[in-house]
Amino acid sequence: MKISLRELNEFDIENFLLWMKDESVLRLAIGNAEEFLEQDIKKCFSKMVNSKKDEHYAILLSEKPIGLISLIKDRENNHKMQLLIGDKGYWSKGYDMEAVKQMVEKIKERKDLQVYIEVRPDKTGSIAAFANYGFVPTKNKKYPKDGHFPRALKMELS
């Protein structure tokens with residue numbers, strides 16, 4: 001089955017709440033299973049839906065939301081791509097890379113975005129997969145205060 005992307009909307013909150021309350025999804029997304037209050041999750045979601053500078057898309061499989069892919073604008077006006085398959089039933093099935101492929105197509109149509117992704121340096125499979133879609137390793141970054149993601153390989157879309 002093929003996935004599609006559509007802009008995130010207020011109706012996606014139910015799925016987002018489910019994903020952000022799941023310990024294994026939280027570990028994947030932010031590195032720990034720290035529980036968040038529902039009101040905080042809703043506030044975060046509302047910021048995403050109403051953002052004027054960032055872009056957030058639901059990843060759909062036959063109209064069913066299974067994840068999110070986002071372009072987050074940084075201080076230098078570049079965009080960091082972030083990706084999450086929130087529905088665990090769809091992990092390790094290639095839907096994440098299909099979402100990246102579709103997002104890269106959207107980006108290339110616009111021609112005005114500088115996009116990068118950060119990957120753990122030991123994730124050689126992910127690095128190779130992103131390279132297949134045009135991402136080129138550019139620099140190693142350190143995040144000493146982040147116990148989950150202390151080092152990252154920055155890959156820029158060429």
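Residue indices follow the written sequence of each chain, beginning from 1 at its first position. pLDDT decides what is reported in this predicted model: residues at 70 or higher carry local features, side-chain atom pairs at 80 or more are listed and counted, and totals for whole chains, interfaces and linings draw on all residues regardless. As a rule here, side-chain values cover all heavy atoms of the structure and leave hydrogens and water aside.

## So, helix α4 (residues 95-110)
Inference 1: In this model α4 runs 23 Å from its N-terminal to its C-terminal C-alpha over 16 residues, within 8% of the 22 Å that 1.5 Å per residue would give.
Inference 2: Buried residues are those whose accessible area, probed at 1.4 Å on protein chains only, stays under 20% of the maximum for their type, while exposed residues exceed 50% and partly exposed ones sit between those limits. Helix and strand definitions here come from DSSP, where helices need a minimum of 4 consecutive H or I residues and strands a minimum of 2 consecutive E residues; each element is numbered from the N-terminal end. Within α4 the residues assigned to the buried category are Tyr-95, Met-97, Ala-99, Val-100, Gln-102, Met-103, Val-104 and Ile-107.
Inference 3: Positive phi shows up at Lys-111, right after α4, with a value of about 60°. A helix's residues, less one, multiplied by 1.5 Å, set its expected span.

## Observations concerning the packing of helix α1 (residues 13-20) against helix α3 (residues 38-50)
Inference 1: Helix axes are fitted only over the stretch in contact, all axes being lines through C-alpha atoms; the angle between N-to-C directions runs from 0 to 180 degrees. Running from amino to carboxyl end, α1 crosses α3 at an angle of 130°, the nearest separation of the two axes being 10 Å. Here α1 is positioned oblique relative to α3, judged by the angle of their axes. α3 is crossed by α1, and the crossing has right-handed handedness. When α1 is examined against α3, the residues Ile-13, Phe-16, Leu-17 and Met-20 are found in contact with a partner set consisting of Glu-38, Ile-41, Lys-42, Cys-44, Phe-45 and Met-48.
Inference 2: Counted by class, the contact of α1 with α3 contains 8 nonpolar, no polar and 2 charged residues. Angles are sorted into four bins: roughly parallel if under 35 degrees, roughly antiparallel if over 145, roughly perpendicular if 65 to 115, and oblique for all others. Whether a crossing is left-handed or right-handed is set by the direction in which the near helix is turned from the far one by less than a right angle, anticlockwise for left-handed and clockwise for right-handed. Two residues form a contact once any of their heavy atoms are found within 4.5 Å. Three residue categories are used. Nonpolar comprises Ala, Val, Leu, Ile, Met, Phe, Trp, Tyr, Cys and Pro, charged comprises Asp, Glu, Lys and Arg, and polar comprises the others, including Gly.

## Comments concerning the environment of Glu-10
Inference 1: Inspection of the secondary structure puts Glu-10 in the loop between β1 (3-7) and α1.
Inference 2: When its relative accessible area of 49% is taken as the criterion, Glu-10 is described as partly exposed.
Inference 3: With 72 residues separating them in the primary sequence, Glu-10 and Gln-82 have C-alpha atoms 19 Å apart.
Inference 4: Each residue touching Glu-10, except ones within four places of it in the same chain, is listed here: Phe-45 and Val-49.

## So, helix α5 (residues 124-132)
Inference 1: Within the sequence span of α5, burial applies to Ile-127, Ala-129 and Phe-130. Each buried residue of α5 sits inside an arc of 165° when the element is viewed along its axis, so together they form one side. Within α5, the exposed residues directed more than 90 degrees away from the buried face are Thr-124, Gly-125 and Asn-132.
Inference 2: The elements touched by buried residues of α5 are α4, β5 (115-119), β6 (135-142) and β7 (151-157).
Inference 3: Just downstream of α5 lies Gly-134, where phi reads positive at about 100°. To obtain the arc, one takes the directions from the helix axis to the C-beta atoms.

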